[in-house]
Amino acid sequence: MPTNNDYYYGYYGYDVDAPFNEFTQFIVMKPYTWLVEKVPNINDFLNVFSNLINTYNGVIAGGYLRRVIRSGDALTFQNADLDIVFLTQSDFLSATNFVNQGNLTQFNQPDIQEISDDRIVYGFDLISHTDNITNIKLQLIRREADSIENIVSNFDFTNAKIATNLNQVIIDNRWENFESNKIINIDIVRPDILIRLLKYLYSEGEPFRLNASSASKLLAWVSSRLT
């Protein structure tokens, strides 16, 4: 079960399983240089977390990447969490212990998270002690999946379906079209959808809008809970 801390960090009850689904067909791979071209300073920031990626097989996914691609600056992300997903419990727990032990040395020692076998997310408020690194909320998330593609395809919004392991970018092939046209597309409706929708609609400058098919899907989901 999620804890209060999980809710604080925006978890809201994602299933731990991430199976192949109808949206997996849209997931493609791009070279990591594609991301660097859009966000030139992203290596400087993400390398701070490289042990979580390279040693414990983590994958950075979701809102942080979306926000920095829009801003073109790795340190301008509108308070999005930095979500790192792990495919196995052993990697997930090892990564959590790594952060608990203060090994992210560019940040102050975070509050230690109590390890529990039934936890599937740990959140850390990371406070920087250097001028060139910003504060950030870090979430470590466990998902049971056969591949990164399956993890990404199980996200609710197409606009969230972007990830990187610092070697490749894993992305939905519809992502660029929706983002460039400032459209939010819902693939999967989950209980926290309304809270997350508000975050995804808001952006610096002109706000995003929900497309017609997603609006119908959302209304049908709400209606089913009122009858």
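Our subject is the structure that appears above.
Along each chain, the written sequence defines residue order, and numbers are assigned to residues from 1. Local features are withheld for residues below a pLDDT of 70 in this predicted model, meaning they are given only at 70 or higher, and side-chain atom pairs are given and counted only at 80 or more; totals for whole chains, interfaces and linings count all residues. Only hydrogens and water are set aside when side-chain values are computed; all heavy atoms of the structure are taken into account.

(A) The arrangement of the packing of aromatic side chains in detail. What counts as a ring pair is set by centres within 6.5 Å for rings of Phe, Tyr and Trp (its six-membered ring), and what kind of pair is set by the plane angle: stacked under 30 degrees, edge-to-face over 60, tilted for all other angles. Counted by the stated rule, this structure contains nine aromatic pairs. Centre to centre, the rings of Trp34 and Trp175 are 6.3 Å apart; their planes meet at 75 degrees, and the pair counts as edge-to-face. Here the residue Trp34 occupies a position in helix α2 (residues 32-38), and Trp175 occupies one in helix α8 (residues 175-180), the gap between them amounting to 141 residues. Burial classification: accessible surface area is computed with a 1.4 Å probe over protein chains only, and a residue below 20% of its type maximum counts as buried, one above 50% as exposed, and the rest as partly exposed. Given a relative accessible area of 4%, Trp175 falls into the buried group. A helix here means a DSSP run of H or I that spans at least four residues, while a strand means a run of E at least two residues long, and both kinds are numbered starting from the N terminus.

(B) Region of interest: the nonpolar core. Nonpolar core, defined: a set of buried Ala, Val, Leu, Ile, Met, Phe, Trp, Tyr and Cys residues in which side-chain atoms within 4.5 Å join the residues together. One finds Ile42, Phe49, Leu52, Tyr64, Ile84, Leu138 and Leu140 to be the most contacted residues of the largest nonpolar core, which totals 41 residues. It is helix α6 (residues 89-100) that provides the largest number of residues to this core, a total of five residues. If sequence neighbours within four positions are ignored, Leu52 has contacts with Asn57, Gly58, Ile84, Phe86, Ala95, Phe98, Val99, Leu138 and Leu140. Formed by 23 residues, the second largest nonpolar core is a distinct cluster that contains Val59, Ile148, Ala163 and Phe208. Working rule for contacts: check all heavy atoms of both residues, and any pair within 4.5 Å makes them a contact.

(C) Expanded view of unusual backbone geometry. Even without being a glycine, Gln78 presents a positive backbone phi close to 50 degrees. Mapped onto the fold, Gln78 is located in the loop between α5 (63-71) and β3 (82-86). Of note, the phi angle at Lys182 is positive, near 55 degrees, even though the residue is not glycine. Structurally, Lys182 is set in the loop between α8 and β8 (183-184).

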